[in-house]
Amino acid sequence: MVCLGNICRSPIAEGILKSKINSNKAVVDSAGTGHWHIGNKPDPRSIEVAKKHQLDITNQRGRQFSIQDFDSFDYIFVMDTSNKENVLSLARNDSDKEKVHLILDELFPNENVDVPDPYYGGGQGFEDVYQMLDEACESIVNRL
Ligand code: 4NP
């Protein structure tokens, strides 16, 4: 699960997908394309919205997406088209590129719908993000 800062959207996505998937069958992680929040906890508003939905994401720490992630993961879900461009710019070959998916393609295939960045907005933005990611993760789990 990849966003820009790895403190707002992708930590929520990581928490949701982990809660829906058998940890013996899949490794779920998140990262940001930016470096600003390496080592930081998720944004308090992400922690809060996750807690409201019975998810504890307080143990997550920010990290930056790296080329090695193409080797470690089969699927790379990005939150928006800008994240997608940033991740694709690091891809070494077609196999790397094929792993990268806009997460809301799960719900709206080929419509290029972004998970909006809630960083500069209010609390409702985080709830909206939670709901979109919950639906998308449900679809991912059913499909995989
Ligand atoms: P995220 O939101 O990509 O959903 O984690 C952001 C968090 C921080 C910043 C940008 C986006 N930032 O510029 O610090």
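Higher on the page you've got the structure.
Reading the values: the criteria
- Residues numbered from 1 in each chain as written.
- Predicted model: local features only at pLDDT ≥ 70, side-chain atom pairs only at ≥ 80, totals over all residues.
- Heavy atoms only, no water.
- Phe/Tyr/Trp six-rings, centres within 6.5 Å; stacked < 30°, edge-to-face > 60°.
- Helix = DSSP H or I, 4+ residues; strand = E, 2+ residues; numbered from the N terminus.
- Buried < 20%, exposed > 50% of the residue type's maximum accessible area, 1.4 Å probe, protein only.
- Polar contact = N/O pair within 3.5 Å; in protein donor to acceptor, adjacent residues only side chain to side chain.
- Contact = heavy atoms within 4.5 Å.
- Expected span 1.5 Å × (residues − 1).

### Observations concerning the packing of aromatic side chains
This model, assessed by the stated rule, comprises three aromatic pairs. Note on Y119 and Y120: the rings are 4.8 Å apart at their centroids and 75° apart in plane angle, and the pair reads as edge-to-face.

### Brief notes about the side chain of S10
Within the element layout of this structure, S10 appears in helix α1 (residues 9-20). For S10, a relative accessible area of 0% gives the class buried. At 2.9 Å, the side chain of S10 forms a polar contact with the side chain of N6. Setting aside anything within four residues of it in sequence, one finds S10 in contact with M1, V2, C3, S30, A31 and M79.

### What to know about α1
Helix length check: α1, at twelve residues, gives a terminal C-alpha distance of 17 Å against a target of 16 Å (1.5 Å per residue), a fit within 8%. Of all twelve residues making up α1, nine are buried, and the element is well covered by its neighbours. By the burial criterion, the buried members of α1 are R9, S10, P11, I12, A13, E14, G15, I16 and L17. Turning to α1, the residues buried within the fold contact β1 (2-3), β2 (31-32), α2 (44-52), α4 (81-88) and α6 (123-143).

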